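Fold and geometry: a report
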Amino acid sequence: MNDVISKSETTDKTALARFTENLKAVPRRFKETMFRTGKPVSDRTRSTFVFGNVFLHLHPVRAHRWSLRWSTTWGLGIAAVSCFFVLVITGVLLMFYYKPYPDAAYLSIKDIHFVVPTGRFIRNIHRWAGNMMVVIVLLHMARVFYTASYRAPREFNWLIGMGLLVVTLGLSFTGYLLPWDQLAYWAITIGANIAQSPREVTDALGITQWFDIGGLQKLILLGSEDVGEEALIRFYLFHVMVLPLILVTLMAVHFWRIRKDGGLAKPADADRRLGPSSSDLYPVFTQAPQKTYNLAAIVKGRTPVVGDGPEQTLPSMPHLMFGEAAVFMLTIALAVLLAIFLDAPLKEVANPAVPENPAKAPWYFLGLQELVSHSAFMGGVGIPMIVLIGLGLIPYLDRETEGTGSWFGGAGGGWLAAQAVAFGLTAVIALEAFVIRFGWIRQWWPKTPQLLITLVNPGTLLTLVYAVYSIRCLKKYNSTRAGALALFTCFACGFVVLTVIGTHFRGPNWDFYWSPSQWPNH
């Protein structure tokens, strides 16, 4: 009867009255159609709010309390994503004024820096957010390793994370050339020479004219033999289109695999460590189910979450969302503070006739440049490939379960990590001190064959020392995890020390100086 009356009243209203009522209802209807599930006031509506949103559906509907603790991840993954968002926004703003060809690139950067309103500030944010992203991604990878979060079923996602690290370095490296100043030009020249480093081996073997893989790598990178217009256009295209698309794709797969692999890794006894949850956090579904099912059979699933109940979990909305928002704001705040107090470097316009001395690669490649100074091939290609292959094999060789999800979990634990830090630092500092003080084979015997220099140099020797120490730890603790923990820590220490030496203690002609004040005047 009420429906009949309602229809009658609707029919009696004029079209203009119905139009007016519909117009007044537009804001309410817009909100209802945008958020189809209504306000997230119950567990069910909070779940559907996340699951039904295209921007949020990569999140789990519920998150374990262990995953929400700051000490579990320190927000490093979200911080890296936040840096990428900042880079996209500021990068688009800079693209309005940047001209990617040599005759105008440097002048357009000068205009951005000195003429465009807030241009210097936006460029500073872009520059420091890029450096922050490199640091944060490295720290995030270390966090995943030290909590043994690469183990089954997360092995493939570890490889995706390695891909994200490589693409992040590529993004930062390609953006380095765009200002077209002396710093950028000669840094990219060093990077191109590293890419060409296989010629050290092919020249020694006399096969370069038939098999010039180094020259091919340099040609792919620069588009020509020298850093010029082709290189600038190529780097610009990679920086603003190709690499961002690859990064977004890998990020989507990375987040999706986190969900499909059972969320963030946590210890087997995480519930016991957390203790009982308070009554107000216990999941209570306050709305009745709206669907029914008729099951012919029930079988046990094979996904990682089988057997886990909703206990000790919280709705992602608002608990996880608020935590991510906090990390996002902190990341932006840090980028803004750096942009206020530190200007992005800008030197004289690029001049191929006036080389920088010392010419240095971007800071994250200075460790490689230190190794390249002893052997171009091993420092630029050989050792990096060994490290990448080793990192990729770690989750497939470490099939243990003890300590998964815990910091420094597994055999040896924190004490082994501390010992590895001491050994790793001692080995690299001692080797570098010896080389700086006494030189190496080339200085002792100038006519030594190049292949011997390639095989026997400080980089390969340091790698061998770290590998022997790792095997010793593996045998001592009878654990693959212990060997991996020692090796990863040693290489991390080596990376830090070599980067510091290349940044602060290498001067003209790549000689060692305690301070720039000791550099020769000319």
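Residues numbered from 1 in each chain as written. Predicted model: local features only at pLDDT ≥ 70, side-chain atom pairs only at ≥ 80, totals over all residues. Heavy atoms only, no water.

What follows concerns the overall build of the chain. Within the chain, the secondary structure is distributed over 23 helices and two strands. A buried classification covers 44% of the 522 residues belonging to the chain. Sequence separation of 24 or more characterises 78% of the internal contacts of the chain that already satisfy a separation of 6 or more. Total accessible area on the chain stands at roughly 28,900 Å², and carbon and sulfur atoms take up 68% of it. (Helix = DSSP H or I, 4+ residues; strand = E, 2+ residues; numbered from the N terminus. Buried < 20%, exposed > 50% of the residue type's maximum accessible area, 1.4 Å probe, protein only. Contact = heavy atoms within 4.5 Å. Areas by Shrake-Rupley, 256 points an atom, 1.4 Å probe, with all protein chains shown as cover.)

Take the confidence of the model for the chain next. In low-pLDDT segments, the atomic positions of the prediction should not be examined closely. Looking at the chain as a whole, its pLDDT mean stands at 86, while 87% of the residues score no less than 70. Averaged pLDDT values for the elements of the chain fall to 52 in helix α1 (residues 2-12) and rise to 96 in helix α9 (residues 119-146). (pLDDT = per-residue confidence, 0-100.)

Turning our eyes to something else, we now look at the nonpolar core. Core analysis: the biggest nonpolar cluster contains 91 residues, and F145, W158, L177, W180, I188, V227 and L247 have the highest contact counts within it. A per-element tally of this core places α9 first, with 13 residues. Not counting chain neighbours up to four residues away, the residues in contact with L177 comprise A184, Y185, I188, V227, A231, L232 and F235. (Core = buried A, V, L, I, M, F, W, Y, C linked by side-chain atoms within 4.5 Å.)

Attention now moves to helix α7 (residues 76-95). Its 20 residues give α7 an end-to-end C-alpha distance of 28 Å, which sits within 8% of 28 Å, the value for a rise of 1.5 Å per residue. Listed as buried for α7 are L76, A79, A80, V81, S82, C83, F84, V86, L87, T90, G91 and L94. Buried residues belonging to α7 abut α6 (70-73), α8 (102-114), α9, α14 (229-260) and α16 (316-341). (Expected span 1.5 Å × (residues − 1).)

Turning to a nonpolar patch on the surface, a few remarks are in order. A cluster of nonpolar residues, V88, I89, V92, L93, M95, F96 and Y97, forms a patch on the protein surface that exposes about 680 Å² of accessible area. Looking at the element boundaries, M95 is found in helix α7. (Patch = residues over 30% accessible without salt bridge, like charges linked within 9 Å, V, L, I, M, F, W, Y side chains within 5 Å. Salt bridge = Lys/Arg side-chain N within 4 Å of Asp/Glu carboxyl O.)

For the rest of this paragraph, the subject is α9. The terminal C-alpha atoms of α9 lie 40 Å apart, and with 28 residues this matches the ideal 40 Å at 1.5 Å per residue to within 8%. Within α9, 23 of the 28 residues are buried, which leaves it mostly tucked inside the rest of the structure. Phi turns positive, to about 55°, at A148, one or two residues after α9.

Where charged atoms of side chains with opposite charge meet at close range, the side chains can pair. Enumeration according to the criterion identifies eight salt bridges in this entry. Taking the shortest distance from any N to any O, the salt bridge between D343 and R120 comes out at 3.4 Å. Remark: R120 occurs in helix α9 and D343 occurs in the loop between α16 and α17 (366-372); sequence separation between them is 223 residues. On the basis of relative accessibility, which here comes to 40%, the residue D343 falls in the partly exposed class. Classification of R120 as partly exposed rests on a relative accessible area of 30%. Residue R257 pairs with D261 through a salt bridge whose shortest N-O separation is 3.5 Å. In this structure R257 comes out as partly exposed when scored by relative accessible area, which is 25%. Since its relative accessible area comes to 5%, D261 is described here as buried.

Under the definition given, this model contains 24 aromatic pairs. Judged by centre distance (6.1 Å) and plane angle (50°), the rings of W407 and F408 are tilted. Take W407: its relative accessible area is 35%, and that puts it in the partly exposed class. Against the face of W66 rests R69, its NZ or CZ located 4.1 Å from the ring centre. Its guanidinium or amino end placed over the ring of F438, R437 lies 5.1 Å from that ring's centre, counting from NZ or CZ. (Phe/Tyr/Trp six-rings, centres within 6.5 Å; stacked < 30°, edge-to-face > 60°. Lys NZ or Arg CZ within 6 Å of the ring centre and 35° of its normal.)

A few words now on the side chain of S197. Along the polypeptide, S197 turns up in the loop between α11 (182-195) and α12 (199-205). What S197 contacts, discounting residues up to four positions off in sequence, is A376, F377, G380 and V381.

What follows covers unusual backbone geometry. Of note, the bond from A152 into P153 is cis; its omega dihedral lies within 30 degrees of zero at 5°. With respect to the element layout, P153 can be found in the loop between α9 and α10 (155-176). The backbone of W180 sits at a positive phi, close to 60°, despite the residue not being glycine. Mapped onto the elements of the fold, W180 is located in the loop between α10 and α11. Positive phi outside glycine occurs at F408, with the angle close to 55°. Its location among the elements puts F408 in the loop between α18 (376-397) and α19 (413-438). When its relative accessible area of 31% is taken as the criterion, F408 is described as partly exposed.

What follows concerns the side chain of T448. Within the secondary structure layout, T448 lies in the loop between α20 (441-444) and α21 (450-455). Polar contacts involving the side chain of T448 include one to the main-chain carbonyl oxygen of W445, which spans 2.6 Å. If we skip the residues at most four places from it in the chain, T448 touches I441, R442 and I453. (Polar contact = N/O pair within 3.5 Å; in protein donor to acceptor, adjacent residues only side chain to side chain.)

A word on the packing of helix α13 (residues 213-222) against α14. Running from amino to carboxyl end, α13 crosses α14 at an angle of 70°, the nearest separation of the two axes being 7 Å. What the angle tells us is that α13 and α14 run roughly perpendicular. Residues L219, I220, L221 and L222 of α13 pack against E230, A231, R234 and F235 of α14. For the contact of α13 with α14, a count of residues per class yields six nonpolar, no polar and two charged. (Axes fitted to C-alpha atoms, helices over the stretch in contact; angles between N-to-C directions. Parallel < 35°, antiparallel > 145°, perpendicular 65-115°, else oblique. Nonpolar A, V, L, I, M, F, W, Y, C, P; charged D, E, K, R; others polar.)

The subject of this paragraph is the environment of E230. Counting through the fold element by element, E230 comes out in helix α14. Considering only alpha carbons, one finds E230 and P102, 128 residues apart in sequence, at a separation of 9.5 Å. When residues no more than four places from it in sequence are discounted, the contact partners of E230 are L222, G223 and S224.

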